[in-house]
Amino acid sequence: RERHFFGLSAIEVLIVEVAVFMVACAFIIADRAELTLETVIIYILVGAVSVVLHDFAHRYVMTKHGHEADIQFWSLGTILMFVTAWLYGNAFAQPYRNLTDEEAGPEPTKRESGLEMIAGPCVSIVLMFLFLFMMQFGGVFATAGGIGFTINLITAVYSMIPISTMDGLAIWRWNRVIFLVLFVPLIAFYFITYVL
């Protein structure tokens, strides 16, 4: 596909736009948030920043390694996201996947693949702390900060899970020490925040 929009094809832009809206809806359901125009706009804007920056971090590193990437809608992830939001109060999945197009170029090495996959969770971790910092300003900033903190913490934890559909498996295969240094404190922070 021709990539006219910031390195994305028209179908990928559509997938990202729909994904942003779905992530916002899932987190509104998870948080049992009041449906006001202000709340919906905040969820959409914060979801857009979180989803787009996480995804572009992956794509940036993939492009630097000379690999093509493709954003695809992920129906199972969409179902899981809404089910976990509704049942457990955490939207624990995502409606799309960013895949390396292995037919378009050389197959990535374990190191390249690990670096490509670690970029997204690292951006989510940085965003998580930035949104947490925003909470001290009160008002709309506190609301946006709380929403952004939640979205990015869950996105980082979810993407670091070491299974085949997540970023964590490539990181685990590349460097187990780096994986553990990121994942163990992140999952502990998640449990402290949401379980205790």
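Owing to the predicted nature of the structure, the values given are computational and were not obtained by experimental measurement.

Caption draft 1: Spatial organisation of unusual backbone geometry. Phi is positive for Arg 32, close to 50°, though the residue is something other than glycine. Along the chain, Arg 32 turns up in the loop between helix 1 (10–31) and helix 2 (37–64).

Caption draft 2: Up close: the environment of Ala 119. Residue position: Ala 119 is located in helix 4 (residues 110–134). Excluding residues that lie within four positions of it along the chain, Ala 119 makes contacts with Ala 57, His 58 and Val 61.

Caption draft 3: Up close: helix 2. Between its first and last C-alpha atoms helix 2 spans 40 Å; for 28 residues at 1.5 Å apiece the expected length is 40 Å, and the two agree. Phi turns positive, to about 80°, at Gly 66, one or two residues after helix 2.

Caption draft 4: Broad picture of the packing of helix 6 (residues 167–174) against helix 7 (residues 176–194). Close contact between helix 6 and helix 7 brings their axes to 6 Å; oriented N to C, the two are set at 135°. Between helix 6 and helix 7, the angle falls in the class oblique. For the pair formed by helix 6 and helix 7, the contact residues are Gly 168, Ile 171, Trp 172 and Trp 174 on the first element and Arg 176, Ile 178, Phe 179 and Leu 180 on the second. Residue composition of the contact of helix 6 with helix 7, grouped by class: 6 nonpolar, 1 polar and 1 charged.

Caption draft 5: Geometry of the environment of Ser 159. Along the chain, Ser 159 falls in helix 5 (residues 139–160). Separated by 122 residues in sequence, Ser 159 and Leu 37 have C-alpha atoms that sit 30 Å apart.

Caption draft 6: Up close: empty space enclosed by the protein. Inspection of every chain in the model, using the stated rule, returns 1 cavity of 30 Å³ or more. Computed from the structure, the largest cavity encloses a volume of approximately 130 Å³. Taken together, 13 residues make up the lining of the largest cavity; nearest its centre are Val 23, Val 51, Ala 93, Gln 94 and Thr 155. Of all elements in the fold, only helix 1, helix 2 and helix 5 reach the threshold of two or more residues within the lining of the largest cavity. Taken together, the residues of the lining of the largest cavity sort by class into 9 nonpolar, 4 polar and no charged.

Conventions we followed
- Residues numbered from 1 in each chain as written.
- Predicted model: local features only at pLDDT ≥ 70, side-chain atom pairs only at ≥ 80, totals over all residues.
- Heavy atoms only, no water.
- Helix = DSSP H or I, 4+ residues; strand = E, 2+ residues; numbered from the N terminus.
- Contact = heavy atoms within 4.5 Å.
- Expected span 1.5 Å × (residues − 1).
- Axes fitted to C-alpha atoms, helices over the stretch in contact; angles between N-to-C directions.
- Parallel < 35°, antiparallel > 145°, perpendicular 65-115°, else oblique.
- Nonpolar A, V, L, I, M, F, W, Y, C, P; charged D, E, K, R; others polar.
- 1 Å grid on protein atoms, 1.4 Å probe; cavity = no way out; pocket = protein on both sides within 12 Å on 5 of 7 lines; lining within 4 Å.
- Points joined across faces, edges and corners; volume = space filled by probe spheres on them.

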